[in-house]
Amino acid sequence: MLGHHRPVWAPDDVDIETPSAARMYDYYLGGSHNFAADRELAEQTIQAWPDAPHLCRANRALLRRVVGYLAGGVDQFVDLGSGIPTVGAVHEVARELNPDARTVYVDSDAVAVAHSRALLDGVPYAAVVHEDLREPDRVLADPELTGLLDLSRPVAVLMFAVLPFVPDEDDPAAVVAAYRDATAPGSYLAMSHGTDDYRPVAAHRVVDVYTRASHSMTLRSRERIGSLLEGYELVPPGLVDMIHWRPEPEGALPDPLGGDVTRYSMLAAVGRRA
Ligand SMILES: C[S@@+](CC[C@H](N)C(=O)[O-])C[C@H]1O[C@@H](n2cnc3c(N)ncnc32)[C@H](O)[C@@H]1O
């Protein structure tokens, strides 16, 4: 539908008619930085996969657990495809554990970048880069990033729920490898990734919905996701269902899907570069 109303906070140059993967994700999480077109397509996703809001919340909980784990050994973070800021952002979790931790957020979505910049204005040790993660050289040479991070020291590269937006023809393995090769020994890669292994029919309905969004979606098998982690030594428990990656003690977090990993259909892993 054309002619949607433009909210006052929307940057003038933002296309509000094409549903954006970043703003649809904000909608699933109950955020308010989305437009009518985003909400309409997000509702179609929810029809195809009614658990979508739950899996997005579980993915954010995973991100917090992973950053909490990594902050024990690393004090530099690059969050690729960081999205629209929401509670439990990387710099908050990392600095709670290590006040010297530095975080650079990277996203290609103008609304995600504008809101990240507004939120981080005046916040020390945090920066935002408006860039496409498929251009590792440009991301890693951006003055915002090089001004904050020392790439000769270990860094944690985060890719949460973003590689499904890098289609096979853009060679996601080569993209991941470029970040791996550009980071120092002792650096980490952490990722979550949707899989179509468990519920292929419903998963492909979701993929079909995203053909009408800013980014198409590619869900991958466990084997393909594992192959993206080449060159990293996985820390225990390895590549596992997202809710099984170092879970909180039983009952600490609500699990509305009763531990049914097929309803989440998201895998997670953290690897260390030797
Ligand atoms: C589903 S959201 C995930 C947000 C966050 N990483 C999380 O897990 O909560 C995917 C994000 O990746 C961003 N994104 C997709 N493709 C990208 C690309 N090529 N470069 C940078 N960001 C990208 C989208 O704009 C969106 O903000």
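Residues numbered from 1 in each chain as written. Predicted model: local features only at pLDDT ≥ 70, side-chain atom pairs only at ≥ 80, totals over all residues. Heavy atoms only, no water.

Peer 1: Lay out the site of the ligand in plain terms, naming residues and giving numbers.
Peer 2: Around the ligand, 19 residues are found, and the nearest of them are Tyr-25, Asn-59, Arg-60, Gly-81 and Asp-107. Tyr-25 is positioned such that a nitrogen or oxygen atom in its side chain is 2.6 Å from an oxygen atom of the ligand. In this structure, Leu-133 approaches the ligand through a main-chain N or O atom, which is 2.9 Å from a nitrogen atom. Coverage of the ligand by the protein chains reaches 98% of its 600 Å² of free accessible surface. Among the cavities detected, the one that contains the ligand is the largest pocket. Listed by contribution, the elements that provide at least two residues to the shell around the ligand are helix 1 (21-28) and helix 3 (52-70). Classifying every residue of the shell around the ligand by side-chain character gives 7 nonpolar, 6 polar and 6 charged. (Near = heavy atom within 4 Å. Polar contact = N/O pair within 3.5 Å; in protein donor to acceptor, adjacent residues only side chain to side chain. Areas by Shrake-Rupley, 256 points an atom, 1.4 Å probe, with all protein chains shown as cover. 1 Å grid on protein atoms, 1.4 Å probe; cavity = no way out; pocket = protein on both sides within 12 Å on 5 of 7 lines; lining within 4 Å. Sits in = over half its atoms within 2 Å of the grid points. Helix = DSSP H or I, 4+ residues; strand = E, 2+ residues; numbered from the N terminus. Nonpolar A, V, L, I, M, F, W, Y, C, P; charged D, E, K, R; others polar.)

Peer 1: How would you explain empty space enclosed by the protein if you had to name every residue and give the values?
Peer 2: Over the atoms a probe the size of a water molecule is rolled, and this reveals where empty space is left. Overall, the coordinates contain 1 cavity of 30 Å³ or more when judged by the stated rule. For the largest cavity, the calculated volume is near 90 Å³. Every residue lining the largest cavity is counted, 15 residues in all, and those nearest its centre are Ser-82, Gly-83, Pro-85, Ala-89 and Tyr-105. Here the lining of the largest cavity gets 3 residues from one element, more than from any other, and that element is helix 5 (residues 110-120). (Points joined across faces, edges and corners; volume = space filled by probe spheres on them.)

Peer 1: Hey, could you go over the pairing of strand 1 (residues 76-80) for me, with residue numbers and the actual values?
Peer 2: Counting buried residues in strand 1 gives 5 out of 5 residues, a clear majority hidden from the surface. Residues Gln-76, Val-78 and Leu-80 point to one face of strand 1 and Phe-77 and Asp-79 to the other, with burial holding for every one of them. As judged from the 5 bridges shared by strand 1 and strand 2 (residues 102-107), these two strands associate in the parallel manner. Across the sheet, the residue bridging to Val-78 is Val-104, located in strand 2. Across 3 bridges, strand 1 lies against strand 4 (residues 156-160) in parallel orientation. Looking across to strand 4, one finds that Phe-77 is bridged to Ala-156. (Buried < 20%, exposed > 50% of the residue type's maximum accessible area, 1.4 Å probe, protein only. Pairing = 2+ DSSP bridges.)

Peer 1: How would you summarise unusual backbone geometry if you had to cite specific residues and measurements?
Peer 2: Between Pro-236 and the following residue, Pro-237, the backbone shows a cis peptide bond with an omega angle of 10 degrees. With a phi angle near 50 degrees, Ala-161 is a residue other than glycine that sits in the positive phi range. In this structure, Ala-161 sits in the loop between strand 4 and helix 8 (172-182). Residues other than glycine seldom take positive phi values, yet Ser-265 does so here, at roughly 50 degrees. Among the structural elements, Ser-265 can be located in the loop between helix 11 (261-264) and strand 8 (266-273).

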